[in-house]
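Coordinate analysis (summary)
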Amino acid sequence: LKQFRRKAECDSCRGLLGLLKRSFFLAKMVRMMNILAGAWLIVHSLGEEECEDNSILFLQERLGLHADLKTLEAEVVGTTTRAIDGSKESCRDGECEYGDLLCEELLRYGRDKYGSQIALYNAGGIRASLPAGKVTRADVLAVHPFGNNATFFKLKGAALKQMLQDALAEHGDGPGTAGNWLQVAGLRLQASYNSTGWTLRNILVKHPAGDWWALDNDSTYSIASNSYIMDGNGGRKVASDNLELIEANGIGIANLMTDYFKKHSPVSPPALDGRTYHERSSKVFGTAAADIDGSCRDHTCAYGVLLCEEMLRQGQKAGHATEIALYHAGALLASVPQGNVTFESLLQVHRFGYLISFFRLRGTYVRMLLEDMLADHGAPGTGNAASWLQVAGLRFQASWNGSWALGRVQVQIDTEWKDLDTTEMLTREYSVAGSSNVRFSRKVVNKNCVPLEDDGPGALITMSKFFESSSPVQPPPDDQRECLTDNCAWLLESRDLHRANINININIS
């Protein structure tokens, strides 16, 4: 016991107790009751957040577990296409690859069994990355050495919000090191830090219909988590004191992930989507060479063009062959001033945390969407409807005569502009990137699209990365992609070209 006290580098390691109580090495532990008794005295009072990895290794040595670990190293449970990051540096500071993978699988399991809406997992319970190539049972146990079980409970929105605020407070300024940081699924947040501390700017929860809704303090949410959090450890008393229990000791987390790798290998690391996006308010991402107009409800605006062109690029990069980008103006709430582009200045534009969705939509429905948008707009120069769309990869012309009449609509295919295909038979499908509002709130889209990826990256993190890579950013010129007159340059050029083609055909005849 004295030797254990000297070598254990945690003050109190209840997580080790979980290892002793729950792991399948129990047979050997029974033969080592003297060490069990000493371990109990040391670890019964706290948590895995503070336990150092070499303390766990030392306990395994004292219990003679390495022979079993060697056997486990030979048991391959799956494969990865490349290493999956579960490091402390990543998982305790923000969103990490293994945290996303784990929480999405935990949420899937909880949704199937109990209708869970959100998954939460403390970063201190993720202890290693997974290697590229073969994944053994020993690799999975190295990530999950504490014997945590899945737990399921209900919690009010106000208590959930307090959990997130506590996690941010414990994170502090600079790289986070606290094991209490939360990995999540079914939930998204944006937060900023200044001299007074962290401010939660928005919290979104995924609705069963697929859209993301703002967290409601008075609503009750079904949570999938782990026994460590349910027991109130790591400062999570706000959960343990207010939860409505569904199941206390569900499937072991290590078993859950072992089953996952057996069923889904080869497994690729998930793309980080900014689900817990938090930065210092003053962080500079880049510069704007001039003011970038974000007043976007009446006409094409400079910021809307930049955003939609970037959405187009991201959709193509993701393999969706994206041809059209659409973003609703109601979610663009400010301009970006000339000079440094900070996290705060981008938060002023993107206050609602909307995501980018990818889907396929027939040309007929693209046209109907534009007609609905024009109907909401009102007379020229008076548009203030949130439904007005900023676009890329598409251009249109419309005329006003007491009401709007949509004229020519074209889509850029490679480098050539072609008329939107709206023929009645076998109408062409177009690959579209749209805000989550366009995807779920526009009936013509929601009822008729073919989803490709509903939960893409957030618009905020997309534009943060854009300014990081493209600065200094110039406001784009007005190319009349939304032409609200009869005399836009591209329309006249198209008419001239059409007349020329007619004349050529006549001469040939």
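To keep things clear, this report deals only with the structure shown in the data block. All residue numbers here refer to positions counted from 1 along the written sequence of the relevant chain. In view of the model being predicted, local features appear only for residues whose pLDDT reaches at least 70, and side-chain atom pairs are presented and counted only at 80 or more, with totals across whole chains, interfaces and linings using the full set of residues. Just so you know, side-chain values use all the structure's heavy atoms and leave hydrogens and water out.

The first and last C-alpha atoms of helix α13 (residues 253-264) sit 16 Å apart over twelve residues, in line with the 16 Å expected at 1.5 Å per residue. On the buried face of α13, the contacting elements are β1 (76-80), α8 (97-114), β2 (118-122), β3 (133-136), α9 (137-143) and β4 (150-156). Strands are runs of DSSP state E lasting at least two residues, helices are runs of H or I lasting at least four, and both sets are numbered from the N terminus onward. Multiply 1.5 Å by the residue count of a helix minus one, and that product is the helix's expected span. Throughout, a contact is declared for two residues whenever any of their heavy atoms are within 4.5 Å.

With that settled, consider the layout of surface pockets. Lining residues are those with an atom within 4 Å of a point, where the points come from a 1 Å grid over the protein atoms alone and group into cavities, where a 1.4 Å probe fits but cannot get out, or pockets, open sets with protein on both sides within 12 Å along at least five of seven lines. Grid points are joined across faces, edges and corners, and a volume is the space filled by probe spheres set on the points. Of the volumes computed, that of the largest pocket is approximately 1,100 Å³. Around the largest pocket, the lining is made up of 39 residues, and of these Asp 273, Arg 275, Glu 453, Asp 455 and Gly 456 lie nearest the centre. Listed by contribution, the elements that provide at least two residues to the lining of the largest pocket are α8, β6 (187-194), α14 (302-317) and α19 (459-470). For the lining of the largest pocket, the element with the most residues is α8, which contributes seven residues.

Okay, helix α10 (residues 157-171) next. Because an α-helix completes one turn every 3.6 residues, residues spaced three or four positions apart along the sequence face the same direction. For α10, with 15 residues, the first-to-last C-alpha span of 21 Å sits near the 21 Å given by 1.5 Å per residue. Relative accessibility under 20% of the residue-type maximum defines a buried residue, over 50% an exposed one, and the middle range a partly exposed one, all with a 1.4 Å probe and only protein chains included. Taken as a whole, α10 has its buried residues at Gly 157, Ala 159, Leu 160, Met 163, Leu 164, Ala 167, Leu 168 and His 171.

We now examine the packing of α8 against α13. At a closest axis distance of 11 Å, the pairing of α8 and α13 adopts a crossing angle of 95°. Classified by the interaxial angle, the pair formed by α8 and α13 is roughly perpendicular. Along its contact with α8, which presents Tyr 98, Leu 101, Leu 102, Glu 105, Leu 106 and Tyr 109, the element α13 presents Ile 253, Leu 256, Met 257, Tyr 260 and Phe 261. Gly is put with the polar residues, along with every residue not named as nonpolar or charged; the nonpolar set is Ala, Val, Leu, Ile, Met, Phe, Trp, Tyr, Cys and Pro, and the charged set is Asp, Glu, Lys and Arg. Classifying every residue of the contact of α8 with α13 by side-chain character gives ten nonpolar, no polar and one charged. In this description, a line fitted to the C-alpha atoms serves as the axis of each element, helices being fitted only across the stretch in contact, and the angle between N-to-C directions of two axes falls anywhere from 0 to 180 degrees. We call two directions roughly parallel when the angle between them is under 35 degrees, roughly antiparallel when it is over 145, roughly perpendicular when it lies between 65 and 115, and oblique otherwise.

At least two bridges found by DSSP between two strands are what make those strands a pair. Sheet architecture is open: five strands sit in the order β16-β13-β20-β15-β21, paired in mixed fashion. Because the sheet does not close on itself, it has two edges, and the strands there are β16 (389-392) and β21 (450-453). Averaged over all pairs of adjacent strands, the angle between their axes in this sheet comes to 30°, without regard to strand direction. In this structure, strand β15 (residues 356-362) lies alongside strand β20 (residues 429-435), joined through seven bridges in antiparallel fashion. If you follow Phe 358 over to β20, its bridge partner there is Ala 433. Across the sheet, helix α16 (residues 363-377) lies against β13 (324-328), β15, β16 and β20, angled at about 115° from β15, the strand it touches most.

It is worth spelling out empty space enclosed by the protein at this point. In the structure shown here, the tally under the stated rule is three cavities of 30 Å³ or more. Its boundaries defined by the atoms lining it, the largest cavity holds a volume of some 80 Å³. If you go around the largest cavity, you meet 13 residues; those closest to its centre are Arg 188, Leu 189, Gln 190, Gly 274 and Gly 353. Listed by contribution, the elements that provide at least two residues to the lining of the largest cavity are β6, β7 (197-206) and α19. Among the residues making up the lining of the largest cavity, the classes are represented as seven nonpolar, five polar and one charged.

This next bit is on the nonpolar core. In terms of nonpolar packing, the biggest core is built from 63 residues, with Ile 292, Tyr 303, Leu 394, Phe 396 and Phe 467 touching the most fellow members. Sort the elements by how many residues they give to this core and α14 lands first, with seven residues. Among residues more than four places away in sequence, those in contact with Tyr 303 are Ile 292, Asp 293, Gly 294, Leu 332, Val 336, Leu 346, Val 349, His 350, Met 463 and Phe 467. Among buried residues, those of type Ala, Val, Leu, Ile, Met, Phe, Trp, Tyr and Cys that are joined through side-chain atoms within 4.5 Å constitute a nonpolar core. One finds Cys 91, Ile 126, Ala 128 and Ala 159 within the second-largest nonpolar core, a separate group that totals 58 residues.

Here we come to the state of the cysteines. In plain terms, two cysteine sulfur atoms within 2.5 Å form what is called a disulfide here. Inspection of the entire model under this criterion finds three disulfides. Here Cys 91 engages in a disulfide with Cys 96; their sulfurs sit 2.1 Å apart. Every disulfide takes its handedness from the sign of the S-S torsion; for Cys 91 and Cys 96 that torsion is 95°, giving right-handed. Just as Cys 91 is buried, Cys 96 falls in that class too. With its sulfur 1.9 Å from that of its partner, Cys 296 forms a disulfide with Cys 301. Around the S-S axis, the bridge from Cys 296 to Cys 301 shows a dihedral of about 85° and counts as right-handed. No difference in accessibility class separates Cys 296 from Cys 301, as the two residues are buried. The thiol of Cys 103 is not disulfide-bonded; the next cysteine sulfur, from Cys 96, is found 8.4 Å away. Classification of Cys 103 by relative accessible area gives buried; the value is 0%.

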